[in-house]
Structures are given as C-alpha cells and as structure tokens.
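As a plain string of letters, each chain reads:
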Amino acid sequence: MTRPSPLDTALGYAARGVPVLPLRGKLPLLPAAHQPGDPLYQQCRGQCGKQGHGVHDATLDLDQLRAWWQRWPRANVGLRCGIGFDVIDVDGEQGRHSLQRLLAEHGGGVPIGGPRVRTGSGGWHLYVAPTGLPDQIGVLPSVDYRAADRYVVAPPSRHPSTGQRYQWVPGRELDAPLGEIPAALRERLTLRQPDRQPAPVLTVRPAEPDHPYGRAVLEAETAHIAGARGPGQGRSGERNQVLWEAARNLYNLVAGGVLDEATVAGELERAADACGLLGDEPRQTQRTLASARQVGMAHPRGIPQRPASRVRGHARPNADASHHPPFHPDRDPDRARER
Ligand SMILES: [Zn+2]
C-alpha cells in the first residue's frame, strides 16, 4: 500500500477547509519576514504581503501548497487550529494520566471522541470542536490546548527527534465528527483567560540606579541569555531572540533609572559571550544589542509599585507603555509553540 505524499495530504486537508503551512520539524519552514529591531517584528501577521509569518502563512490556496511542496517535498505539514477545530495536545503517558484524572474527577468518564493523532513522540492530539477560547500551554500537567493562532503538526509529518511519523488513529481520521472539549477542561481554560491580558503595571523611578529589584532582573535576564541554545541545540536562532528580548527589558529599566547603563551593557556582553553568540556572530550580536537598546530606552520602566505603597519625593508613577514580564520574555506569537 502506498502512502499518499505530503503534498497530496496537504491538498486533502486544504480541500476540507483546513489551512495548511509547511514546517521543518515542528517550526514554520518559511523564514520569518521580520527580525528583532524591525518595527513590524511580532506585529505583522502578513499584512506586508510577504511570507514568513508563522501560522499566518497557513493557506487553503492549492496552488500555493503545490508550490511549497514542490520546493520542499519532504516538508512536514502544519494545520492551523481555532478555525475548523481546536486540539488537546496530550504529551505522553504523563499527559494521558493528567487528562484521565481530570475526566475521572469531573468529567463523569464521558469520552472526548473525535479525530485523533498518535504523535511522533508518543503523545496524542485530540481534535475537538473549536471553542473560541485562547490556547494555553500546560492547561494540565503535560497537556496543552491549541486554539486560534496556533497550529499542530499533522500526519504524515515525521517527528524531528524520534523520526516517527504522526499518524491518524484508524477510524479516527479528520473526517470523523469532532470531539467535544470536556466541561472541566473548558472551565480551566475560561478561568485562566484573564492571565493573558495582565493589567498595566504602575512603576516608580527609584532615587538611584542599581536598585535591588533591577539587580535581580539583571541576574535573571543574563542567566537566561547565557543558557540560550544555539543552532543544532534545539530551536535554532533562539539565542538572538532571547538576547534581544532580555536586552530590551533591561534597557527599559535603564531608561527608568533602575539600572546603570554601563553595568547593563557589560553584563549583556558577558552573557552573549557565555552562550557563544558573541563568538559565532559578533556583528549580528552587536546589531541586536544596539536595536534592543534603542527600543528599550524609548520605553522607561521603573520598579513595580506595590498597591499599598505611596509615592514620595522624586519618585513618580510611570505608566508603562512597553512592559514585558522580565522573567518570562514573550515568545514570538508567530512562531507558534510546539513540543
Ligand atoms: Zn509582515
């Protein structure tokens, strides 16, 4: 029995109304249209007319799909979630246990049903009717929820580490009626929804730089950079993005008077050296740092103001236009997450 080619499979998904994008491993294959420092970085969803916007490249255009897979015949197949379906992404036995526990405790044991994929890493993708709820990594231990603006790796893709194919469970192909999200899981996704839009944080400017809050952020951000992985160590190109986001966060604090600029510049260089980036790509690294400094300095951020504390003296409240949680730099929403 011959297996349909990735192209034929991709065309089949699109013909059923599921937007498709080509992947390399689990990541979008098309190079990103916008890099850190570009004003459209993380803002543009394809309005510029170019390709390279992650899940937003996903299309129903059969000619486009033919062109992509003629160019990259072995590309993996990504399916956009949130339109035709959402996906409960169950990671291995641990994920299966946490989902089963939730269903046993709250679900009355009702099966979820619907199309189902055995992933190339020994997990499961459960296709359920779209809910309009946002995606959530770790909605349960080892269980993610993939919805609008996310995608899943679909059959006949191969897992990048194991080499195993993603396969539809026999009789549970995409034609099967969609499953229903368990009420208990829907409740968890709904409860956590406000987390996604944190209220703006009021910050204050300290009297002098080198504030303990700033030092703690500096330590965490530089440790993050130093631990970032380079090409061939997981997500390639991660180091540059980690460096840019960390540097931007730190220069926000320099502009807000929390940290000393020379200290930050020196520590960033040391961390970029520690992860190998400075040695591998010295010029790109300096450009990244310069761009992050420019963006960061334009948006001063002070120390977070405790609700009960009062602002005195020279300190002034500083509504923060560009707050990014320093310990959890935002990931590029276009580089949709997959594990
Ligand atoms: Zn664009």
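Everything discussed here concerns the structure shown above.
Every residue gets a number counted from 1 within its own chain, in the order that chain's sequence is written. Restriction of local features to residues with pLDDT of at least 70 applies here, the model being predicted, together with a cutoff of 80 or more for giving and counting side-chain atom pairs; totals for whole chains, interfaces and linings are based on all residues.

J.: Lay out the packing of helix 5 (residues 212–226) against helix 7 (residues 261–274) in plain terms, naming residues and giving numbers.
T.: Helix axes use the C-alpha atoms of the stretch in contact, all axes being lines fitted to C-alpha atoms, and the angles between their N-to-C directions lie in the range 0 to 180 degrees. The helix count covers DSSP runs of H or I at least four residues long, the strand count covers runs of E at least two residues long, and both are numbered beginning at the N terminus. Helix 7 packs onto helix 5 with a crossing angle of 25 degrees between their chain directions and a minimal axis gap of 7 Å. Here helix 7 runs roughly parallel to helix 5, going by the angle between their axes. The interaxial crossing formed by helix 5 with helix 7 has right-handed handedness. Seen from helix 5, the contacting residues are Leu218, Thr222, Ile225 and Ala226; seen from helix 7, they are Val264, Glu267, Leu268, Ala271, Ala272 and Ala274. For the contact of helix 5 with helix 7, the class distribution of residues is eight nonpolar, one polar and one charged. Angles below 35 degrees are treated as roughly parallel, those above 145 as roughly antiparallel, those between 65 and 115 as roughly perpendicular, and all remaining angles as oblique. Helix crossings get a hand from a simple test, with the near helix turned counterclockwise from the far one by less than a right angle marking a left-handed crossing and a clockwise turn marking a right-handed one. Here, residue contact means that the backbone-derived C-beta atoms of the two residues sit within 7 Å. Basically, the charged four are Asp, Glu, Lys and Arg, the nonpolar ten are Ala, Val, Leu, Ile, Met, Phe, Trp, Tyr, Cys and Pro, and anything else, Gly included, counts as polar.

J.: Explain the nonpolar core residue by residue, including any values.
T.: Judged by nonpolar contacts, the single largest core of 36 residues is most densely connected at Val20, Leu79 and Ala154. Elements supplying a minimum of two residues to this core: helix 1 (6–15), strand 1 (20–24), helix 2 (62–71), strand 3 (76–80), strand 4 (86–90), strand 6 (124–128), strand 8 (143–146) and strand 9 (151–154). By residue number, the principal contributor to this core is strand 9, which donates four residues. When sequence neighbours within four positions are dropped, the list of residues in contact with valine 20 reads Ala10, Tyr13, Ala14, Ala58, Thr59, Leu65, Val77, Gly78 and Leu79. With 27 residues, the next largest nonpolar core counts Val217, Trp244, Val258 and Ala292 among its residues. Here, a nonpolar core means buried Ala, Val, Leu, Ile, Met, Phe, Trp, Tyr and Cys residues linked by C-beta atoms lying within 7 Å of one another. Buried, partly exposed and exposed are defined by the number of other C-beta atoms within 10 Å of a residue's own C-beta, namely 20 or more, between the two limits, and 12 or fewer respectively, with C-beta atoms placed from the backbone.

Such coordinate-based values are descriptive only and should not be taken to indicate function.
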